[in-house]
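Fold and contact review
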Amino acid sequence: MDNLIWIFISALLVNNFVFSYFLGLCPFFGVSGKLETAFRLGLASTFVMLITALCTWFLNNYVLIYAPYLRLITFILVVASTVQFVEMVIKKFSPTLFRTLGIYLPLITTNCAILGFAIFATNRGYNLLEGLIFALGAGGGFTLALVLMAGLREENELSNVPNLMKGTAMSLIIAGILSLAFMGFSGLFSS
């Protein structure tokens, strides 16, 4: 049980995909303008990670043992097909969210955080339960990063910021400071 807690906390805070590995930066900067949109994309990405965890575990244990050289291509296909499924579901049940997310919803397909998740989970030899907990932690960490950035960017719009610092420059500074703050978690579970 301690191992599962460690996997979750590690993926959520200590080894956050955005702030520690710098994966998933495209949606991080692109969708983090509004809090509600960032939260929903984080939930969609978490769902994709959960489905990816199931599929990659199955493929890694029952299919790819015969052809391990196909692992990367297979994982890319799993992520792409899962995102297509999520896109169809969101389009059907929430057309407003579908229009709001725009190009960033299909970009989940190319989100290197999800592919990185699949590779990390298999390289670490996680079983199915550990992989699902890792997916929840990684998705929660990705959602946390998006929500933190969106909140700070919304607050930044209301602040008196010099023209030179507005826009991308301020977003990069905020992201750097958040990354430094998350580095503080690196000693959380050291023995």
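Below is a short write-up of the structure.

Criteria and cut-off values
Residues numbered from 1 in each chain as written. Predicted model: local features only at pLDDT ≥ 70, side-chain atom pairs only at ≥ 80, totals over all residues. Heavy atoms only, no water. Helix = DSSP H or I, 4+ residues; strand = E, 2+ residues; numbered from the N terminus. Patch = residues over 30% accessible without salt bridge, like charges linked within 9 Å, V, L, I, M, F, W, Y side chains within 5 Å. Areas by Shrake-Rupley, 256 points an atom, 1.4 Å probe, with all protein chains shown as cover. Salt bridge = Lys/Arg side-chain N within 4 Å of Asp/Glu carboxyl O. Axes fitted to C-alpha atoms, helices over the stretch in contact; angles between N-to-C directions. Parallel < 35°, antiparallel > 145°, perpendicular 65-115°, else oblique. Left-handed = near helix turned anticlockwise from the far one by under 90°. Contact = heavy atoms within 4.5 Å. Nonpolar A, V, L, I, M, F, W, Y, C, P; charged D, E, K, R; others polar. Core = buried A, V, L, I, M, F, W, Y, C linked by side-chain atoms within 4.5 Å. Buried < 20%, exposed > 50% of the residue type's maximum accessible area, 1.4 Å probe, protein only. Phe/Tyr/Trp six-rings, centres within 6.5 Å; stacked < 30°, edge-to-face > 60°.

Within the secondary structure, Leu 128 sits in helix H7 (residues 128–158). C-alpha of Leu 128 to C-alpha of Ile 65: the two residues are 63 residues apart in sequence and 16 Å apart in space.

On to a nonpolar patch on the surface, then. A surface patch of nonpolar side chains, about 530 Å² in accessible area, is lined by Phe 47, Phe 85, Met 88, Val 89 and Phe 93. When residues in the nonpolar patch are grouped by element, the largest group, four residues, is from helix H4 (residues 71–93). Looking at where Val 89 falls in the secondary structure, it is placed in helix H4.

Another point: the packing of helix H1 (residues 2–14) against H7. Pairs of packed helices are described in terms of their axes, by the angle between the two and the distance that separates them. Following both chains from N to C, one finds H1 and H7 inclined at 25°, their axes separated by 7 Å at the closest point. When the axes of H1 and H7 are compared, the pair comes out roughly parallel. Crossing angle aside, the handedness with which H1 passes H7 is right-handed. Along its contact with H1, which presents Asn 3, Leu 4, Ile 7, Phe 8, Ala 11, Leu 12 and Leu 13, the element H7 presents Leu 129, Glu 130, Ile 133, Phe 134, Leu 136, Gly 137, Ala 138, Gly 140, Gly 141 and Leu 144. Tallied by class, the residues present in the contact of H1 with H7 amount to 12 nonpolar, four polar and one charged.

Moving on: the nonpolar core. Where a protein is soluble and globular, its nonpolar side chains tend to be buried together. Counting residues in each nonpolar core, the largest one holds 45 residues, and the members touching the most others are Phe 17, Phe 19, Phe 28, Met 49, Ile 108, Phe 117 and Phe 134. For this core, the secondary-structure elements that each account for two or more residues are H1, helix H3 (35–63), H4, helix H5 (95–101), helix H6 (112–123), H7 and helix H8 (168–183). Examining the composition of this core, we find that nine residues originate from one element, H7, more than from any other. Ignoring any residue separated from it by four or fewer positions in sequence, one finds Phe 28 in contact with Val 18, Phe 19, Ala 145, Leu 146, Met 149, Arg 153 and Ala 175. By size, the runner-up hydrophobic cluster in this structure holds five residues, among which are Leu 59, Leu 64, Val 78 and Ala 118.

In total, this model carries 13 aromatic pairs according to the counting rule given. Seen from their ring centres, Phe 58 and Tyr 62 are 5.4 Å apart, and the 40° between their planes marks the pair as tilted. Placement of both Phe 58 and Tyr 62 in helix H3 is noted, with a separation of four residues, approximately one turn of the helix. Look at Tyr 62 and you get partly exposed, because its relative accessible area is 48%. Ring pairing ties together the aromatic residues Phe 17, Tyr 21, Phe 117, Phe 120, Tyr 126 and Phe 134, which thus form one cluster.

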